[in-house]
Amino acid sequence: MKKLLLCLLGLSSPLYATEPTPDDVVIIQKPIIFDETRKALTLQYMQQRYGMLQDEPTIEPRMVVVHWTVIPTFAQTFAAFNPPQLPAARAGIRAGGDLNVSSQFVIDRDGTIYQLMPETTMARHTIGLNYTAIGIENIADGDTLPMTEAQLDANTRLITYLAKKYPIEYVLGHSECHRFRDTSWWRETDANYFTEKNDPDIAFMNQLRNKLSKLSLKPLP
Ligand SMILES: [Zn+2]
């Protein structure tokens, strides 16, 4: 399958723009809208949530946060992340601003890796840590759609690749982000703005960190 993909998506393919990566990581570029509106909303989010005044919505990646989407397909996930503004249905996190949620990467159930945003552009995926965290969403829900072996393998390869490019110190599941709340990593200005998460399951995260044991990651706080 990997060979077939490499073959179909070779660097010269006119169908997809691919980033030059090591041979074992194929990343399909599927950029979501990042227009002036999204840029302005991202800068506003950084200012309001983190007190960070920047000209560009860039981040210095020091951690990777792994998620599952609950949304059952990549197409539906892309459609959910694509609009710059938070849809009306997300009233629960409206207090955090009008920037729509998104993630730099999405991994499909067969392990296909899609990149939706540059790694160093801020995405809204994890309260308190977006200013320094690259988000990886997986098409899964932990119930009828459990995380797959192919996703475990793809997360391992993608994070290994990212750790070569950036000084990544932590790999955590969204459900583990509360462990950073009492540290200086947590930049959310409103102590009451927090939502409890259960993605992905801890067993998956432990398996993933085992596979990443060659990286010099720090234990979670
Ligand atoms: Zn999540």
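Residues numbered from 1 in each chain as written. Predicted model: local features only at pLDDT ≥ 70, side-chain atom pairs only at ≥ 80, totals over all residues. Heavy atoms only, no water.

**Student:** Could you give an account of the sheet that holds strand 1 (residues 27-29), naming the residues involved and the relevant values?
**Tutor:** With mixed pairing, 6 strands are arranged side by side in an open sheet as 1-4-3-5-2-6. Unpaired on one side and paired on the other, strand 1 and strand 6 (170-173) mark the two borders of the sheet. Mean inter-strand twist for the sheet, computed between neighbouring axes without regard to direction, equals 25°. The pairing of strand 3 (residues 105-107) with strand 4 (residues 113-115) spans 3 bridges and is classified as antiparallel. Its bridge partner lying in strand 4, phenylalanine 105 is registered against glutamine 115. Set on the sheet, helix 5 (residues 202-211) makes contact with strand 2 (63-68) and strand 6; between it and strand 6 the angle comes to about 160°. (Pairing = 2+ DSSP bridges. Helix = DSSP H or I, 4+ residues; strand = E, 2+ residues; numbered from the N terminus. Axes fitted to C-alpha atoms, helices over the stretch in contact; angles between N-to-C directions. Contact = heavy atoms within 4.5 Å.)

**Student:** Tell me what's going on with the packing of aromatic side chains, and back it up with residues and numbers.
**Tutor:** The final tally for this structure, using the stated rule, is 7 aromatic pairs. Both rings, one in phenylalanine 74 and one in phenylalanine 78, keep their centres 6.1 Å apart while their planes meet at 50°; by these two values the pair is tilted. Highlighted residues: phenylalanine 74 and phenylalanine 78, both in helix 3 (residues 74-81), separated by 4 residues, approximately one helical turn. Residue classification places phenylalanine 78 among the buried positions, given a relative accessible area of 16%. Here the aromatic cluster, defined as three or more aromatic residues joined through ring pairs, consists of Tyr45, Tyr50 and Tyr131. The cationic tip of arginine 181 hangs over the ring face of phenylalanine 194; the distance from NZ or CZ to the ring centre is 3.9 Å. Over the ring of tyrosine 131 we find arginine 187; its NZ or CZ atom is 4.2 Å from the centre of that ring. (Phe/Tyr/Trp six-rings, centres within 6.5 Å; stacked < 30°, edge-to-face > 60°. Buried < 20%, exposed > 50% of the residue type's maximum accessible area, 1.4 Å probe, protein only. Lys NZ or Arg CZ within 6 Å of the ring centre and 35° of its normal.)

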